[in-house]
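In case you want the letters, here they are:
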Amino acid sequence: MKPAPFDFLRAETLPEALDSLAEAGDEGRVIAGGQSFVPMLAMRLARPAVLVDIMGIAELRGLDRGRGALRVGAGVRQAELASWPDLAETLPLVAAALPYVGHVQTRSRGTVCGSLAHADPSAELPLCLIALGGEVHLRSRKGRRSISAQDFFLGMMATAVAPGEMIEAVSFPLKKKGEGYAFREIARRHGDYAVVACAAVATTTGVRLAVGGVADTPQMRPMPLPGSVDLDDALNDFAWALNSREDLHATARYRRELVRQLGRATIEEAVRCRD
Amino acid sequence: MPRLTRDRRHGVRFSLNGHPVSVEAEARLSLSDLLRHVVGATGTHVGCEHGVCGACTVEIDGAPARACLVLAGQVEGMSIRTVEGLEPEPGRLSVLQEAFRAHHGLQCGFCTPGILMTLDSLFRRRPDAGEDEIRDHLSGHLCRCTGYAPIMRAALAARDVLMREERHA
């Protein structure tokens, strides 16, 4: 349980970090809060030759509200976002989900963007980003690109971040008038990775449901409104389409049932919360 | 840009329980191992070494954190408090520690230093923390002896004493 040796670079500016990542190529990785990545290092599931610490880069530490979205820099810790005074008002879904991300003792150091980069299929923040239709902003020495949440998560712990590239920030679309949001999760213990997590966004015209913990990445579908006789069938179709797997936490059948039950409860709550 | 190469130890400076510390360590060493093996402060216990059990919890820059999930390369400039920093004077227990003793909040004691640091950090920030909040903070710790009930009793008793002290201060 000790990481393999690596060179550890404490970047003080963004160009320094980008140059180091470009030089390291496949062998380089970013470390921010380290709450998901240090266990990967300790178990030697990751053995990078070069680690670039980005927490000393001042321009990555900001929360920036504008143009209908909250931009969260790569150096913003989960606890910092949770204590942002406008969070519950402007990003109710993220406010509801954050208490389920790890524990107090990991949110104090873990970053928002780090959780996205780790891309665990059960993680709450990727699920929220998918449900809200957010964007991830990537940066490399060659330039910038922004990528939609749908295109960012490629598979289990696999993302669109290329060698030499890093997440610079993420944008969460802010609450819109007339919309309602809900988040629910079932885990063996509070703070554990979710067996199934659901996020629902009810708009003025319909409702969409995103589900985490079942497929390799969070999946989202438009759903009928709760009054509709079609909702049960739609939830059942969604549950089967996710190709639920059995593992030591839950059977595939239990996960499908959770998608149906928890999915309905989450949708109903989101519709109730519309203002 | 500081570059801590893999082939040798590098200087790490931080504050430990209010005292400056300057040691040499490989960048890949965990803070928990740094504290125990390099500094010699063995009050911080190491359980799972991958961030699940909470035994190694210390306070970093005013917030509880897992020492096993911090690399020595990241420690530069941190302000760290450990269980060794809780005693108000040598040989005397803090209010929180005394409550754990009085209410049997520990049996084997392995998880205790981590739990004490989480609760100490919580009560410093929120002396009036409610039962739900205490429970939520304890959820980051595994205890295999007590079943948590005596830990809750100890935490609530300590909170009440600390609140009374605050009011009369």
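Only a predicted model underlies this, so the values are computations on that prediction, with no experimental measurement involved.

Residues and elements named next belong to chain A. A cluster of nonpolar side chains, contributed by M1, M43 and L45, occupies part of the molecular surface with about 300 Å² of accessible area. On the secondary structure map, M1 appears in the segment before β1 (7-10). Looking at M1, the relative accessible area reads 42%, which means it is partly exposed.

Residues and elements named next belong to chain A. Judged by pairing direction, the sheet is antiparallel, and its five strands sit side by side in the order β4-β5-β10-β6-β7 without closing on themselves. Two strands close off the open sheet at either side, each with one partner strand: β4 (63-66) and β7 (143-148). When the angles between neighbouring strand axes are averaged without regard to direction, this sheet yields 20°. Sheet strands touched by helix α1 (residues 14-24): β6 (135-140) and β10 (166-173). Its angle to β10, the strand with the most contacts, is close to 120°.

In total, this model carries 29 salt bridges over all chains according to the counting rule given. Among the salt bridges present, the one from D120(B) reaches R81(B), with a minimum N-O distance of 2.9 Å. Taken together, the residues D120(B) in helix α3 (residues 112-125) and R81(B) in strand β6 (residues 79-81) connect sequence positions 39 residues apart. Across this residue pair, the class does not change: D120(B) and R81(B) are buried. Linked by salt bridges that have partners in common, R71(A), R139(A), R144(A) and E168(A) make up one network.

As a further point, take the packing of α3(B) against helix α4 (residues 131-138) of chain B. All names here are of chain B. Where α3 meets α4, the axes come as close as 10 Å, and the angle between the chain directions of the two elements is 145°. At the point where α3 passes α4, the crossing takes the right-handed sense. In this structure, α3 contributes I115, T118, L119, L122, F123 and R125 to the contact, and α4 contributes E133, I134, H137 and L138. Here the residues of the contact of α3 with α4 are counted per class, giving six nonpolar, two polar and two charged.

On to helix α8 (residues 124-132) of chain A. Residue and element names in this part refer to chain A. By the criterion of burial, α8 is predominantly enclosed, with nine of the nine residues buried. Turning to α8, its buried residues are E124, L125, P126, L127, C128, L129, I130, A131 and L132. In the stretch just after α8, G133 is the one whose phi turns positive, near 70°.

Residues and elements named next belong to chain A. With respect to the helices, strands and loops of the structure, L14 is situated in helix α1. As for L14 and S140, which are separated by 126 residues in sequence, their C-alpha atoms are 9.6 Å apart. What L14 contacts, discounting residues up to four positions off in sequence, is I57, E59, L60, R139, M166 and E168.

The rules we used
- Residues numbered from 1 in each chain as written.
- Chains lettered and ligands numbered in written order.
- Predicted model: local features only at pLDDT ≥ 70, side-chain atom pairs only at ≥ 80, totals over all residues.
- Heavy atoms only, no water.
- Patch = residues over 30% accessible without salt bridge, like charges linked within 9 Å, V, L, I, M, F, W, Y side chains within 5 Å.
- Areas by Shrake-Rupley, 256 points an atom, 1.4 Å probe, with all protein chains shown as cover.
- Salt bridge = Lys/Arg side-chain N within 4 Å of Asp/Glu carboxyl O.
- Helix = DSSP H or I, 4+ residues; strand = E, 2+ residues; numbered from the N terminus.
- Buried < 20%, exposed > 50% of the residue type's maximum accessible area, 1.4 Å probe, protein only.
- Pairing = 2+ DSSP bridges.
- Axes fitted to C-alpha atoms, helices over the stretch in contact; angles between N-to-C directions.
- Contact = heavy atoms within 4.5 Å.
- Left-handed = near helix turned anticlockwise from the far one by under 90°.
- Nonpolar A, V, L, I, M, F, W, Y, C, P; charged D, E, K, R; others polar.

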